Amino acid sequence: LSPGEKMGCFTFIKVMMILFNLAIFLGGGTLLGVGIWVTVDGQSFLDIFGALSSSVLQVMNVSYVLIVIGAILLVIGFLGCCSAQKESQCLLMMFFSVVLIILIAEIAAAVVALVYTGLAETLLTAVVTPLLREKYGADNSFTQIWNVTMMKVHCCGLNNYTDFTDSPWHKEHKTYPESCLVRGSLPLACPHVCGCLLQGCFAQILEEIKTNAGVVGGVAAGIAALEIAAMVVAMYLYCHLDQK
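An account of the accompanying structure is given in this report. These figures come from a predicted structure and were not determined experimentally. (Residues numbered from 1 in each chain as written. Predicted model: local features only at pLDDT ≥ 70, side-chain atom pairs only at ≥ 80, totals over all residues. Heavy atoms only, no water.)

**Some points on the overall build of the protein chain**
No. 1: Assigned secondary structure in the protein chain consists of 9 helices and 0 strands.
No. 2: Secondary structure elements of the protein chain occur, N-terminal to C-terminal, as α-α-α-α-α-α-α-α-α.
No. 3: Within the protein chain, buried positions represent 32% of all 244 residues.
No. 4: When contacts within the protein chain are restricted to residue pairs at least 6 apart in sequence, those whose partners lie at least 24 apart make up 71%.
No. 5: By element, 71% of the accessible surface of the protein chain is carried by carbon and sulfur atoms, the whole surface being about 13,900 Å². (Helix = DSSP H or I, 4+ residues; strand = E, 2+ residues; numbered from the N terminus. Buried < 20%, exposed > 50% of the residue type's maximum accessible area, 1.4 Å probe, protein only. Contact = heavy atoms within 4.5 Å. Areas by Shrake-Rupley, 256 points an atom, 1.4 Å probe, with all protein chains shown as cover.)

Take a look at the structure:
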């Protein structure tokens, strides 16, 4: 290619990288804003997006997940835009390194999720179960989110109904959530398995993921491909600047 054609190619890739990372930056800002909104006023979010809010993602505290993901995307988008606009080798290498670290972390998380499902259940139990026993029945937004989730997904607690033992709801009403009951109220003195649903939401989520494994795998592969493409473009710009 002639010097003019090379410069045209460089300019085109630079502009595309700026636009692509601007979209990532805006998407990250949106996720961050939604995460903060859910954290501050979860009830209004449920009122507006009631149908969507029954997603199985509510089993975890989705607001904090959105805040973390949004913040990461903001950093990536900012680095990508600035590195391309300023044609800075330092920023390009930083962008490349951040994306590479995220890609490695995603691969590691996928391997752990596939191979060590029991470990994932243990970690979730350690985080979510104390929250259920602390907030269910005391925090209206938290309680509503879990009620909608359990009704829609047809599950009870994270592992089973015992996750709600000693929760504010359990202490006040002397029974378990309605979603956990099969036939009317359950006597507190005898929480027999015939009276409660044993199927926890974690098991239901795993079942849904296995059922939609193709879609989940396709999305994961698409994200990985975009990250690899971003690293290739960043390295191309870095090498081109090195030749100047």
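**Focus on the pattern of salt bridges**
No. 1: A full pass over the atoms with the stated rule returns 1 salt bridge.
No. 2: Two residues, Glu87 and Lys14, come together in a salt bridge whose shortest N-O distance is 2.9 Å. On the criterion of sequence distance, the pair formed by Glu87 in the loop between α3 (62–86) and α4 (89–115) and Lys14 in helix α1 (residues 3–40) is long-range, its members being 73 residues apart.
No. 3: Of the residues examined, Glu87 reaches a relative accessible area of 29% and is grouped as partly exposed. (Salt bridge = Lys/Arg side-chain N within 4 Å of Asp/Glu carboxyl O.)

**Points about the packing of aromatic side chains**
Between two aromatic rings, the relevant description is the distance of the centres plus the angle of the planes.
No. 1: A complete count under the given rule lists 3 aromatic pairs for this structure.
No. 2: A ring pair is formed by Tyr136 and Trp169, whose centres lie 5.9 Å apart and whose planes are at 65 degrees; its orientation type is edge-to-face. Remark: Trp169 occurs in helix α7 (residues 168–173) and Tyr136 occurs in the loop between α5 (117–135) and α6 (140–153); sequence separation between them is 33 residues.
No. 3: Judged by its relative accessible area of 25%, Trp169 falls in the partly exposed class. (Phe/Tyr/Trp six-rings, centres within 6.5 Å; stacked < 30°, edge-to-face > 60°.)

**Some words on the nonpolar core**
No. 1: Ranked by size, the top nonpolar core spans 18 residues in total, and within it Trp146, Met150, Phe164 and Cys180 carry the most contacts.
No. 2: When residues of this core are traced back to their parent elements, those giving at least two are α5, α6 and α8 (201–211).
No. 3: By residue number, the principal contributor to this core is α6, which donates 4 residues. (Core = buried A, V, L, I, M, F, W, Y, C linked by side-chain atoms within 4.5 Å.)

**Looking at α6**
No. 1: The first and last C-alpha atoms of α6 sit 20 Å apart over 14 residues, in line with the 20 Å expected at 1.5 Å per residue.
No. 2: Here α6 has its buried residues at Ser141, Phe142, Thr143, Ile145, Trp146, Val148, Thr149, Met150 and Val153.
No. 3: Once α6 ends, the next one or two residues include His154, with phi positive near 60 degrees. (Expected span 1.5 Å × (residues − 1).)

**Let's talk about the state of the cysteines**
No. 1: All told, the structure shown has 2 disulfides when counted by the stated rule.
No. 2: The partner cysteine of Cys155 in its disulfide is Cys201, sulfur to sulfur 2.0 Å. Taking the sign of the S-S torsion, about 75 degrees here, the bridge from Cys155 to Cys201 comes out right-handed. Pair noted here: Cys155 is in the loop between α6 and α7 and Cys201 is in helix α8, with a separation of 46 residues, a long-range link. For the pair formed by Cys155 and Cys201, the shared burial category is buried.
No. 3: There is a disulfide in this structure between Cys156 and Cys180, and the S-S distance comes to 1.9 Å. Here the S-S torsion is close to 95 degrees, and the disulfide linking Cys156 with Cys180 is therefore right-handed. Taken together, the residues span a long stretch of sequence, with Cys156 in the loop between α6 and α7 and Cys180 in the loop between α7 and α8 at a distance of 24 residues.
No. 4: Accessibility expressed as a relative area gives 0% for Cys180, which makes it buried.
No. 5: Along the protein chain, the cysteines engaged in disulfide bonds are linked according to the scheme 1-4, 2-3 when indexed in sequence order. (Disulfide = S-S within 2.5 Å.)

**As for the environment of Cys155**
No. 1: With relative accessibility at 1%, the residue Cys155 sits in the buried group.
No. 2: Spatially, the C-alpha atoms of Cys155 and Ala203 are 8.6 Å apart, while their sequence positions differ by 48 residues.
No. 3: Those residues within four positions of Cys155 in sequence are excluded, and the remaining contacts are Thr149, Met150, Ser179, Gln199, Gly200, Cys201 and Gln204.

**Some points on the environment of Ala110**
No. 1: Its place among the elements puts Ala110 in helix α4.
No. 2: Residue Ala110 is classed as partly exposed on the basis of its relative accessible area, which comes to 39%.

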